[in-house]
Amino acid sequence: MTSSNPSVFLLMVNGQIETASFPEYDDLYCKYCFVYGHDWAPTAGLEEGISQITSKGRDSSQSLVWNFPLDITFKSTNPFGWPQVVVSVYGPDTFGNDVVRGYGAVHVPFTPGKHSRTIPMFVPESTSRLQRFTSWFMGRRPEFTDPKVVAQGEGREVTRVRSQGFVTIQFHIVTKDMKKLGYDVTPTEQTPATHLAGT
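All values reported here derive from a predicted model rather than from experimental measurement.

**Things to note about the overall build of the protein chain**
(1) Moving on: What the protein chain contains, in helices and strands, is one helix and nine strands.
(2) Moving on: Along the protein chain, from the amino end to the carboxyl end, the secondary structure elements read β-β-β-β-β-β-β-β-α-β.
(3) Moving on: The proportion of buried residues among the 199 residues of the protein chain is 39%.
(4) Moving on: Counting only carbon and sulfur atoms, one obtains 53% of the accessible surface of the protein chain, whose full area is about 11,200 Å².

Next up, the structure:
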């Protein structure tokens, strides 16, 4: 394979899960994982990770600060299935059990450069009062067995959820050989480049 005629392009993702806003909760940590299509393969870096526990700052913003690093490189032949980051936030309930405080997902930005994304988080809800009471009493709240389901559409329409908090991620994106394969992701004033890959 020569550099003048590439068969794959590279997407380098660097950045950090910076802060979170969960007004009702404190002492939270997060997990992340990347979800991507069949044509994508990680070539370097970490696909998933778990942060430290953080407490709210004393300032007026009451933000939770993780500054937890992201660093991964993908190769692909096709932009379909462009990578998403799934973030899950956990913390203690009144009984001291770790329970999920929010799920959220966002696509990795398409254009090279520095980007900031704020992800609205949600939690699954019990469907009946009895289930809500039982889950509270037993200390077992509804949660997804696989958080990657958050990035997929199948079955999500039958899941009852409640909005809860926000997480902010900073991205630094570098791409290589996309233009040589016919994919132009340079931002222009006329056409926003955010609609690549049907998203």
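Alright, that's what it looks like, and here's the rest.
**Brief notes about the side chain of S76**
(1) Moving on: Secondary-structure assignment places S76 in strand β5 (residues 64-76).
(2) Moving on: Of note is the side chain of S76, whose polar atom sits 3.3 Å from the backbone oxygen of D39.
(3) Moving on: Excluding anything up to four places from it in sequence, S76 contacts V8, F9, D39 and W40.

**Quick notes on the environment of K31**
(1) Moving on: Along the polypeptide, K31 turns up in strand β2 (residues 29-35).
(2) Moving on: Spatially, the C-alpha atom of K31 lies 9.8 Å from that of F68, the residues being 37 residues apart in sequence.
(3) Moving on: Ignoring sequence-local partners within four residues, the contact set of K31 consists of G49, I50, V86, V87, S88 and Y90.

**What to know about the pairing of strand β9 (residues 161-176)**
(1) Moving on: Pairing geometry for strand β1 (residues 9-21) and β9, over eleven bridges, is antiparallel. From the neighbouring strand, N14 faces β9, where its bridge partner is H172.
(2) Moving on: Across eleven bridges, strand β8 (residues 113-124) lies against β9 in antiparallel orientation. Bridging across to β9, P120 finds its partner in F166.

**Considering the nonpolar core**
(1) Moving on: Grouped together as the largest cluster of nonpolar side chains are 33 residues, with contacts concentrated most on I17, V87, V167 and I169.
(2) Moving on: When contributions to this core are tallied by element, the ones reaching two or more residues are β1, β2, β5, β6 (84-92), β8 and β9.
(3) Moving on: When sequence neighbours within four positions are dropped, the list of residues in contact with I169 reads Q16, I17, E18, L70, V85, V87, V106, H115, S116, R117 and I119.
(4) Moving on: Residues Y29, C33, Y90 and Y103 belong to the second largest nonpolar core, which totals ten residues.

So, how was this worked out
Residues numbered from 1 in each chain as written. Predicted model: local features only at pLDDT ≥ 70, side-chain atom pairs only at ≥ 80, totals over all residues. Heavy atoms only, no water. Helix = DSSP H or I, 4+ residues; strand = E, 2+ residues; numbered from the N terminus. Buried < 20%, exposed > 50% of the residue type's maximum accessible area, 1.4 Å probe, protein only. Areas by Shrake-Rupley, 256 points an atom, 1.4 Å probe, with all protein chains shown as cover. Polar contact = N/O pair within 3.5 Å; in protein donor to acceptor, adjacent residues only side chain to side chain. Contact = heavy atoms within 4.5 Å. Pairing = 2+ DSSP bridges. Core = buried A, V, L, I, M, F, W, Y, C linked by side-chain atoms within 4.5 Å.

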